[in-house]
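Chain by chain, the residues run as shown.
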Amino acid sequence: MRKIIVGEFISLDGVVEAPEQWHMTYASPEMFNVMWDLSDACDTTLLGRVTYEGFAAAFADAPADNPVAAKMNKNARVVVSRTLRDLDWGNSTVLEGELEPGVTALKATTGGDILTTGSTTLVQSLLRAGLVDELHLLIHPVVVGEGRRLFEEDVPLSFTLDESAALPNGVVHAVYRPVSAN
């Protein structure tokens, strides 16, 4: 069965919203290596509507020789949306049906693992449903103070730390696996 792997930029206080406002000063070759290794390990990207629209605007028509666009364009994309039907970004489809059975069916298909990035509402729903198999958090040494957080206050979750590494810029790459409720 394919795994759902979540990769997120996150601040020390748990904020994931608007990383373009606080993350860029920490961008580094080591961070890009973590991101691209994660992307390369997957062949499908699962996105919420808002993240899909932002990524499509940035990468769908980017020049083929743009290395970031090439990485972003390589995976098939599955979009969770109740409103989008016509997707202009090639190799993109809309997840059919309700979230939990749709993602469960997607995980049961043949292929590599499935990466989800950004898409806070989607990730929260996947966490609530117990559908996330790994969390790859790039924890930035900054307290943002306000903004949407990855973890909801009323949803208790437990994880085990599988691995971690401090990058030279102070960002920590931590890989967590959910503790099974069984």
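What this report covers is the structure whose coordinates are included nearby.

Cut-offs used in this document
- Residues numbered from 1 in each chain as written.
- Predicted model: local features only at pLDDT ≥ 70, side-chain atom pairs only at ≥ 80, totals over all residues.
- Heavy atoms only, no water.
- Core = buried A, V, L, I, M, F, W, Y, C linked by side-chain atoms within 4.5 Å.
- Buried < 20%, exposed > 50% of the residue type's maximum accessible area, 1.4 Å probe, protein only.
- Helix = DSSP H or I, 4+ residues; strand = E, 2+ residues; numbered from the N terminus.
- Pairing = 2+ DSSP bridges.
- Axes fitted to C-alpha atoms, helices over the stretch in contact; angles between N-to-C directions.
- Contact = heavy atoms within 4.5 Å.
- Arc of directions from axis to C-beta.
- Expected span 1.5 Å × (residues − 1).
- Polar contact = N/O pair within 3.5 Å; in protein donor to acceptor, adjacent residues only side chain to side chain.
- Salt bridge = Lys/Arg side-chain N within 4 Å of Asp/Glu carboxyl O.

What to know about the nonpolar core
Counting residues in hydrophobic clusters, the biggest one holds 20 residues, and the most contacted among them are Ile4, Leu46, Leu99, Val103, Leu126, Val132 and Leu150. For this core, the secondary-structure elements that each account for two or more residues are β1 (4-11), α4 (99-108), α5 (120-129) and β6 (134-140). A total of 4 residues in this core trace back to one element, the largest contributor, which is α5.

Some remarks on the sheet that holds strand β5 (residues 113-117)
Ordered by their spatial adjacency, 8 strands build an open sheet running β4-β3-β2-β5-β1-β6-β8-β7, and the pairing between neighbours is mixed. For this open sheet the edge positions go to β4 (92-94) and β7 (159-166), each flanked by a neighbour on one side alone. Direction aside, neighbouring strands of the sheet carry axes that sit 25 degrees apart on average. Sitting on the sheet, helix α1 (residues 29-40) is in contact with β1, β2 (42-48), β5, β6 and β8 (172-178), with an inclination near 165 degrees to β6.

Let's talk about α4
Along α4, the residues classified as buried are Leu99, Gly102, Val103, Leu106 and Lys107. Within α4, the buried residues cover an arc of 135 degrees as seen down the axis, which keeps them to one side. Projecting away from the buried face of α4 at angles above 90 degrees are the exposed residues Pro101 and Ala108. Buried residues belonging to α4 abut β1, β2, β3 (76-80), β5 and α5.

A word on α1
Here α1 spans 16 Å end to end across 12 residues, near enough to the 16 Å set by a 1.5 Å rise per residue. Here the buried face of α1 lies against β1, β2, α3 (67-74), β5, β6 and β8.

Examining the pairing of β3
The side chains of a regular strand alternate between both faces of the sheet. Summarising the sheet, β2 and β3 pair through 5 bridges and their orientation is parallel. By the bridge assignment for β3, threonine 45 is matched with arginine 77. Where β3 meets β4, 3 bridges bridge the pair, whose relative direction is parallel. Looking across to β4, one finds that arginine 77 is bridged to serine 92.

As for the environment of asparagine 73
The topology assignment puts asparagine 73 in helix α3. As a C-alpha pair, asparagine 73 and glutamate 152 span 79 residues in sequence and 31 Å in three-dimensional space. What asparagine 73 contacts, discounting residues up to four positions off in sequence, is Phe59, Ala60 and Trp89. Here phenylalanine 59 takes part through its backbone oxygen, which lies 3.0 Å from a polar atom of the side chain of asparagine 73.

Quick word on the side chain of glutamate 134
Assignment of secondary structure puts glutamate 134 in strand β6. Using a relative accessible area of 6% as the deciding quantity, one classes glutamate 134 as buried. A polar contact is formed between the side chain of glutamate 134 and the side chain of arginine 177, at a distance of 2.5 Å. Not counting the four nearest positions on each side in its chain, glutamate 134 is found in contact with Lys3, Ile4, Ile5, Val6, Val175, Tyr176, Arg177 and Pro178.

Examining the pattern of salt bridges
Applying the stated criterion across every chain, the model contains 11 salt bridges. Between arginine 177 and aspartate 162 there is a salt bridge whose closest N-O contact spans 2.8 Å. On the criterion of sequence distance, the pair formed by arginine 177 in strand β8 and aspartate 162 in strand β7 is long-range, its members being 15 residues apart. One salt-bridge network, held together by shared partners, links Lys3, Asp113, Glu134, Asp162 and Arg177.

Note that all results are geometric; they support no functional claim without further evidence.
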